[in-house]
Amino acid sequence: MKNRIVFWRDVPIDVGKGAFDSFVKHWHGEVLVVSFHDYPEERKKCGYTNERYPNVEYVTLEAEQFPREKAFSILRSESGSIHIFNGIRGFNQRCLNYLIRYCKKKGEHPLIDVMGERPNGYGRFWIKEIKQLVYKIIYGVLACRYGKHIQCFFAMGKRGVNVYAGLGFSEHVLFPYMYCPKLEEVVHSNLVSETVKFLYIGRFNYSTKGLDILMN
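What counts and what doesn't
Residues numbered from 1 in each chain as written. Predicted model: local features only at pLDDT ≥ 70, side-chain atom pairs only at ≥ 80, totals over all residues. Heavy atoms only, no water. Pairing = 2+ DSSP bridges. Helix = DSSP H or I, 4+ residues; strand = E, 2+ residues; numbered from the N terminus. Axes fitted to C-alpha atoms, helices over the stretch in contact; angles between N-to-C directions. Contact = heavy atoms within 4.5 Å. Phe/Tyr/Trp six-rings, centres within 6.5 Å; stacked < 30°, edge-to-face > 60°. Buried < 20%, exposed > 50% of the residue type's maximum accessible area, 1.4 Å probe, protein only. Lys NZ or Arg CZ within 6 Å of the ring centre and 35° of its normal. Parallel < 35°, antiparallel > 145°, perpendicular 65-115°, else oblique. Left-handed = near helix turned anticlockwise from the far one by under 90°. Nonpolar A, V, L, I, M, F, W, Y, C, P; charged D, E, K, R; others polar. Arc of directions from axis to C-beta.

Asks: Could you give me a rundown of the sheet that holds strand β3 (residues 56-60), with the residues and numbers involved?
Replies: Ordered in space as β3-β2-β1-β4-β5-β6-β7, the seven strands form an open sheet in which the pairing is parallel. Strands at the two margins of the open sheet, each flanked by one partner only, are β3 and β7 (174-177). On average, each strand axis in the sheet is inclined to that of its neighbour by 20°, with strand direction left out of account. Relative to β7, strand β6 (residues 150-156) runs parallel, the two sharing four bridges. Each bridged residue has a counterpart across the sheet, and for Ala 155 the counterpart in β7 is Pro 176. Its contacts with the sheet place helix α4 (residues 91-106) against β1 (4-9), β4 (82-85) and β5 (111-116), and it is angled at close to 160° to β4.

What follows is the structure, encoded as structure tokens:
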């Protein structure tokens, strides 16, 4: 095993910057962050950027002429590293398949970890019921296919652990995890202003963000 960790993500480290910053400072090896896309422009305007650490390297696949081939070449050269996938669907699944097959040919066992949010079950009652049925099928298949290869699964909170356990993943590899943004110290002020200010929560959605409660 190499003393190196490879993060596979849709975009570079964003809402988990605080946890990542702490991890990097405690990890005595090298870290490679591979993202399929760069930060979206709205995130860049909010100050999101790849922070520099002496032991961290960043690769953005969409900047490469042949993104898929670049990803597979990284998987080959880093087959002995620890791989942390931000989910196991979409392009991540293709990378997982490639890594597993490549290690099998070499007679090695891939070191695979996963970080994942709960499957989205929001919506009206009948939509929730349909989603739950579909997710049970999809994630049940994924659990059977990849469960034996996953050494550690970081799910969002205890509820996330329970959900993924119910979908077929082993409780022995499931651990609760939370986003940890890197926040600046808040300086309190007693200044009074008549300027109207808005707090943007992320999505203007009552069912997922509780926006109605905040407005009230």
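Asks: Please give an account of the packing of aromatic side chains that cites residues and values.
Replies: Evaluation of the coordinates by the stated rule reveals 16 aromatic pairs. For the pair Phe 23 and Trp 27, a centre-to-centre distance of 5.8 Å together with 20° between the ring planes defines the contact as stacked. Residue Phe 23 is classed as partly exposed on the basis of its relative accessible area, which comes to 27%. Arranged with centres 5.9 Å apart and planes meeting at 65°, the rings of Tyr 135 and Tyr 139 form a pair that is edge-to-face. Taken as a pair, Tyr 135 and Tyr 139 lie in helix α5 (residues 125-146) at a separation of four residues, close to a single helical turn. A residue is classified by how much of its surface remains accessible, and Tyr 135, at 17% relative accessible area, is buried. Overall, Tyr 139 belongs to the buried group, its relative accessible area being 8%. One aromatic cluster in this structure is built from Phe 7, Phe 20, Phe 23, Trp 27 and Tyr 53. Positioned above the aromatic ring of Tyr 48, the side-chain terminus of Arg 43 is 5.0 Å from the ring centre.

Asks: Quick rundown of the packing of helix α3 (residues 67-77) against α4? Include the residues and the values.
Replies: Between α3 and α4, whose axes approach to 10 Å, the crossing angle comes to 40°. Relative to α4, α3 is oriented oblique. For α3 against α4, the interelement crossing comes out right-handed. Residue-level contacts link Arg 68, Ala 71, Phe 72, Leu 75 and Arg 76 of α3 to Phe 91, Arg 94, Cys 95, Tyr 98, Leu 99 and Tyr 102 of α4. Here the residues of the contact of α3 with α4 sort into eight nonpolar, no polar and three charged.

Asks: Talk me through helix α6 (residues 157-166); I want residue IDs and the actual numbers.
Replies: All of the buried residues along α6 are Gly 160, Val 161 and Tyr 164. Down the axis of α6, the buried set is contained in an arc of 100°. They therefore lie on one face. Looking at α6, the residues exposed on the side facing more than 90 degrees away from the buried face are Lys 158, Arg 159, Asn 162 and Gly 166. Of the surrounding elements, those touching the buried residues of α6 are β5, α5, β6 and β7. Positive phi appears at Gly 168, one or two residues downstream of α6, with a value of about 120°.

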